[in-house]
Protein chains: 2
Amino acid sequence: MSMSMDTAPEKTQVQFNCAGTAVGKMRNELVVEMVKPFHESFEMATDEGAFHGGDASAPPPLALFVGGLTGCLMTQIRAFAKRLGVTLDDLKVETRVIWDWQKAGRVYETAPHSFEIDVLIDSPNAFEDTVALVKAAQKGCFLEQTLGQQNTIRHRVLRDGTYVDI
Amino acid sequence: MSMSMDTAPEKTQVQFNCAGTAVGKMRNELVVEMVKPFHESFEMATDEGAFHGGDASAPPPLALFVGGLTGCLMTQIRAFAKRLGVTLDDLKVETRVIWDWQKAGRVYETAPHSFEIDVLIDSPNAFEDTVALVKAAQKGCFLEQTLGQQNTIRHRVLRDGTYVDI
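Residues numbered from 1 in each chain as written. Chains lettered and ligands numbered in written order. Predicted model: local features only at pLDDT ≥ 70, side-chain atom pairs only at ≥ 80, totals over all residues.

Caption draft 1: Representation of the relation of the copies chain B and chain A within the structure. Once chain B has been moved 0.0 Å along the axis and rotated by 180 degrees, it coincides with chain A to within an RMSD of 0.0 Å. Taken together, the turn and the small shift mark the pair as related by a two-fold rotation axis. Looking at chain B, 100% of its interface residues are interface residues in chain A too, so the copies touch through the same face. (Least-squares fit on C-alpha atoms with pLDDT ≥ 70 in both. Contact = placed C-beta atoms within 7 Å.)

Caption draft 2: Structural view of the interface of chain B and chain A. Taken together, the contact between chain B and chain A spans 104 residues of the former and 104 residues of the latter. If one sorts the elements of the side of chain B that touches chain A by residue count, helix 1 (residues 61-84) of chain B sits on top with 17 residues. Of the residues contributing to the side of chain B that touches chain A, the split by class is 52 nonpolar, 31 polar and 21 charged. When strand 6 (residues 153-159) of chain A meets strand 5 (residues 107-122) of chain B, the two strands line up parallel, connected through five bridges. Bridge pairing links Arg154(A) to Glu116(B) in strand 5 of chain B. (Helix = DSSP H or I, 4+ residues; strand = E, 2+ residues; numbered from the N terminus. Nonpolar A, V, L, I, M, F, W, Y, C, P; charged D, E, K, R; others polar. Pairing = 2+ DSSP bridges.)

Caption draft 3: The sheet that holds strand 4 (residues 90-104) of chain B, seen in detail. Sheet architecture is open: seven strands sit in the order 3(A)-2(A)-1(A)-4(B)-5(B)-6(A)-7(A), paired in mixed fashion. The outermost strands of the open sheet, each flanked by one partner alone, are strand 3 (40-46) and strand 7 (162-165) of chain A. Neighbour to neighbour, the strand axes of the sheet diverge by 20 degrees on average, direction disregarded. Pairing analysis gives seven bridges linking strand 2 (residues 27-36) of chain A to strand 3 of chain A, with the strands arranged antiparallel. Looking at strand 3 of chain A, one finds that Asn28(A) is bridged to Thr46(A). On the sheet, helix 2 (residues 127-140) of chain B packs against strand 6 of chain A together with strand 5 of chain B and is oriented at approximately 155 degrees with respect to strand 6 of chain A. (Axes fitted to C-alpha atoms, helices over the stretch in contact; angles between N-to-C directions.)

Caption draft 4: Summary view of the nonpolar core. Counting 84 residues, the largest nonpolar core has Val66(A), Leu73(A), Ile77(A), Val66(B), Leu73(B) and Ile77(B) as the members making the most contacts within it. Discounting residues that sit within four places of it in the chain, Leu73(A) has contacts with Val93(A), Ile117(A), Ala137(A), Cys141(A) and Glu144(A). (Core = buried A, V, L, I, M, F, W, Y, C linked by C-beta atoms within 7 Å. Buried ≥ 20, exposed ≤ 12 C-beta atoms within 10 Å, placed from the backbone.)

Caption draft 5: Expanded view of the pairing of strand 5 of chain B. The sheet contact formed by strand 4 of chain B and strand 5 of chain B spans 15 bridges and is antiparallel. Its bridge partner being in strand 5 of chain B, Gln102(B) is matched across the sheet by Glu109(B).

Caption draft 6: Region of the structure containing the sheet that holds strand 2 (residues 27-36) of chain B. One open sheet accounts for seven strands, arranged 3(B)-2(B)-1(B)-4(A)-5(A)-6(B)-7(B); its pairing is mixed. Two strands in the sheet have a free side with no partner beyond their single neighbour: strand 3 (40-46) and strand 7 (162-165) of chain B. Across the sheet, the mean angle separating the axes of adjacent strands is 20 degrees when strand polarity is ignored. Lying over the sheet, helix 1 (residues 61-84) of chain A contacts strand 4 (90-104) and strand 5 (107-122) of chain A together with strand 1 (11-23), strand 2 and strand 3 of chain B, oriented at roughly 35 degrees with respect to strand 1 of chain B.

Caption draft 7: Spatial organisation of the packing of helix 1 of chain A against helix 2 (residues 127-140) of chain A. All names here are of chain A. Where helix 1 contacts helix 2, the two axes come as close as 8 Å, and the packing angle between them is 120 degrees. With respect to their mutual orientation, helix 1 and helix 2 come out oblique. Judged by the twist between their axes, the crossing of helix 1 over helix 2 is right-handed. On helix 2, the residues that touch Leu73, Gln76, Ile77, Phe80, Ala81 and Leu84 of helix 1 are Ala132, Leu133, Val134, Ala136, Ala137 and Gly140. (Parallel < 35°, antiparallel > 145°, perpendicular 65-115°, else oblique. Left-handed = near helix turned anticlockwise from the far one by under 90°.)

Caption draft 8: The packing of helix 1 of chain A against helix 1 of chain B, seen in detail. Contact geometry of helix 1 of chain A with helix 1 of chain B gives a least axis separation of 7 Å together with a crossing angle of 160 degrees. Classified by the interaxial angle, the pair formed by helix 1 of chain A and helix 1 of chain B is roughly antiparallel. Once helix 1 of chain A is placed against helix 1 of chain B, the crossing between them reads as left-handed. For the pair helix 1 of chain A and helix 1 of chain B, the contacting residues are Pro61(A), Leu62(A), Leu64(A), Phe65(A), Gly67(A), Gly68(A), Gly71(A), Cys72(A) and Thr75(A) in the first and Pro61(B), Leu62(B), Leu64(B), Phe65(B), Gly67(B), Gly68(B), Gly71(B), Cys72(B) and Thr75(B) in the second. Its residues assigned to classes, the contact of helix 1 of chain A with helix 1 of chain B shows 10 nonpolar, eight polar and no charged.

None of the figures reported here should be taken as evidence of function without further support.
So, in structure tokens, the structure goes:
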């Protein structure tokens, strides 16, 4: 996501909400809303393939995640190129994410294994300038910054009309 | 993503690749492929709204991320419910993610601020059983586990046909 630098304040917050509803076998229908600094709404869905007991009516959640990560860095590179005076004749990004998966009793557990992002820039500017651009984009990319630190997720479960922290 | 417990090995890896191409003003066209443990391919796109200099032809990257996170936990809750003997008459999940944003010279920097996930389960089982289900799903959710630790992303930039680590 890029924000207009000319109109934005020095500091602000960006908030996205998502309301998911389970339908069918494994399909989740999702309404995603940006609520800060202004409002936009998007509808999307996830599903699983037949192998996973789903109907393959939408991409799986991990596909949205890897697509979002890739798109976030690309958007930042393009937004910052103008700011840093780097001309982009072409931009391609190739991302590879690997997770470990192992059985744990009746269920299973997962862990991230590796993240690799290759950037292909076609530019008349010096190679060093394009590297500086990618490094600035990493700092501006919401998802790179999120993955680069340990995050705590607060979970609540609804009980008789009241949310209980778990 | 859930995997068939009956056919899967004790341990495996799950890999997703994404190839992104910048088109138009701010649109990114993305081919996302699961390459391990088997192959599936998905096409999607991100874009930005007019405020950000885009054409609003697709959701922004952060919407895919928040939708993927929500869908991942929901999928895991449903997959594990069968394993743990919890009946789900209805499942809804509400996610809120906030990032901090601030100017830094000609560009800007970002950082994650908070993650909150509310789970609404309609079940004839005891509340404690549904809580145990959600906790198991957190451990099985690839994206929750990814966000819960600090991740290093390896970046390379193509220079004259050879990738250079930056």
